[in-house]
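Structure assessment
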Amino acid sequence: MYAIAPGASAEPKDVRGIEDGLVRAIHDGELVAFVSDVPESAFGETPLNTHLADMEWLTPRAVRHQEVNAALVGLCDPLVPLSFGTVFRDEAAVTRMLRERRDELGPRFEALRGKAEWILVLRRDREKALAGLEQSNDALRALRAQIAEAAPGRAYLATRRLDDTTRQALRAVDGAAVAAAVDAFERAGPRLFREPLIEDAGGDMLARFSLLADRGGGSLLGGVAAAFDADWSARGYRVELSGPWPAYRFSTVGAS
């Protein structure tokens, strides 16, 4: 299953899903689920759990899942996208789930109506940020002056203090950059959800957010991103914005 929408939503035509199965609609009352058939030999509980650890197998199928929901979001408003790997044995299980979740889905539809999801990433250029600290932080400049004039033993201790002070100062500026990004985008109206970072995330990624905003809000969000970069890029901080996407995160974090 890919997604759930109100029963009156338009249905896809010739949209192909995972394993090239034709995406079709299953209706139950005022709800519709979009599904395609997949082989039990690969998508039964035991084989699927095994495959989820195999990135070569998983990646193209997860991409196709997202492509289906990208097609559906152009047809359905609102749309509740489901995570990859949501599998039911037959149509009866699908309709049973729709009935069981009917009361839950009503408020969720209202929260997502007219909305889409963007991904916001805040990155730091470490060398540029450190250069900015050297220019603006009096304590760092004073420590460097002490090191230049100190005897070797005292220079070693001052260097240790310099390293500690630099880490603390950089952490403080990182926090200020994150707070500035959050404030700028929240004032523009979107809901923000801060995502956990993967350990050792590359590219000096400081923070990653999912944003829920109007489907047509790309220009507004792009303007907020540009204004942030204008204020912070000289200090080594910039944001990356991608979207719109189906609202995966905000289909799961609650409707309010």
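In what follows, the structure referred to is the one given above.
These numbers were taken from a predicted model, which means no experiment stands behind them.

**A closer look at helix α3 (residues 55-73)**
When the terminal C-alpha atoms of α3 are compared, their 26 Å separation across 19 residues agrees well with the 27 Å that a helix rising 1.5 Å per residue should span. Along α3, the residues that are buried comprise W57, L58, R61, H65, V68, N69, L72 and V73. When α3 is viewed along its axis, its buried side chains cluster within an angular range of 135 degrees and face the same direction. The exposed residues of α3 that point more than 90 degrees off its buried face are M55 and E56. Among the residues of α3, the N-terminal cap falls to D54, whose side-chain oxygen and the backbone nitrogen of E56 are separated by 3.2 Å.

**Digging into the packing of aromatic side chains**
Taken as a whole and judged by the stated rule, the model has 4 aromatic pairs. Ring centres 5.4 Å apart and planes at 50 degrees place the aromatic pair F43 and W57 in the tilted group. Remark: W57 occurs in helix α3 and F43 occurs in helix α1 (residues 40-43); sequence separation between them is 14 residues. A residue is classified by how much of its surface remains accessible, and F43, at 6% relative accessible area, is buried. The interplanar angle of 85 degrees and the centroid separation of 5.6 Å between the aromatic rings of W232 and Y237 together place this pair among those described as edge-to-face. With respect to class, W232 is no different from Y237; both count as buried. Site record: aromatic cluster; members linked through ring pairs are F43, W57 and F84. Directly above the aromatic system of W232 lies the positively charged group of R235, at a separation of 3.8 Å from the ring centroid.

**Re unusual backbone geometry**
In the segment running from D77 into P78, the intervening peptide bond is cis, with an omega of 5 degrees. In this structure, P78 sits in the loop between α3 and β4 (80-81). Here the amide bond leading from G243 into P244 is cis, since omega sits at 5 degrees, within 30 degrees of zero. When you line up the elements, P244 lands in strand β8 (residues 237-245). Unusually for a residue other than glycine, D20 sits at a positive phi of about 65 degrees. The residue D20 is located in the loop between β1 (3-6) and β2 (24-28) in this model.

**With respect to the environment of R102**
Within the secondary structure, R102 sits in helix α5 (residues 102-112). For R102 and G29, which are 73 residues apart along the polypeptide, the C-alpha to C-alpha distance reads 9.3 Å. Residues in contact with R102, not counting those within four places in the same chain, are D28, G29, E30 and L31.

**Some words on the nonpolar core**
Ranked by size, the top nonpolar core spans 25 residues in total, and within it L122, F185, L211, F228 and Y237 carry the most contacts. Mapped onto this core, the elements with two or more residues apiece are β5 (115-124), α6 (126-136), α8 (152-187), β7 (205-214), α9 (218-232) and β8. Among the elements that line this core, the one with the most residues is α8, at 7 residues. With near-sequence residues (within four places) excluded, Y237 lies in contact with L122, R123, R124, A129, L170, V173, D174, A177, L206, F228, D229 and W232. Counting residues in hydrophobic clusters, the runner-up holds 18 residues, among them Y2, A42, W57 and L58.

**Side note on the sheet that holds β1**
Taken in spatial order, the 4 strands make up an open sheet running β2-β3-β1-β4, and their pairing is antiparallel. Edge strands, defined here as strands with exactly one partner in the open sheet, are β2 and β4.

**Things to note about the pairing of strand β3 (residues 31-35)**
The buried fraction of β3 amounts to 5 of the 5 residues, a majority that puts the element mostly inside the structure. Burial along β3 is two-sided: the face carrying L31, A33 and V35 and the face carrying V32 and F34 are both buried. Pairing between β1 and β3: 4 bridges, direction antiparallel. Considered in β3, the bridge of P6 is made with L31. Where β2 lies against β3, 5 bridges are found, and the strand directions are antiparallel. In the strand pairing of β3, R24 is matched with V35. The turn joining β2 and β3, which pair antiparallel and follow one another in sequence, is formed by 2 residues; a positive phi near 60 degrees is taken by G29.

Quick notes on the rules
- Residues numbered from 1 in each chain as written.
- Predicted model: local features only at pLDDT ≥ 70, side-chain atom pairs only at ≥ 80, totals over all residues.
- Heavy atoms only, no water.
- Helix = DSSP H or I, 4+ residues; strand = E, 2+ residues; numbered from the N terminus.
- Expected span 1.5 Å × (residues − 1).
- Buried < 20%, exposed > 50% of the residue type's maximum accessible area, 1.4 Å probe, protein only.
- Arc of directions from axis to C-beta.
- Polar contact = N/O pair within 3.5 Å; in protein donor to acceptor, adjacent residues only side chain to side chain.
- Phe/Tyr/Trp six-rings, centres within 6.5 Å; stacked < 30°, edge-to-face > 60°.
- Lys NZ or Arg CZ within 6 Å of the ring centre and 35° of its normal.
- Contact = heavy atoms within 4.5 Å.
- Core = buried A, V, L, I, M, F, W, Y, C linked by side-chain atoms within 4.5 Å.
- Pairing = 2+ DSSP bridges.

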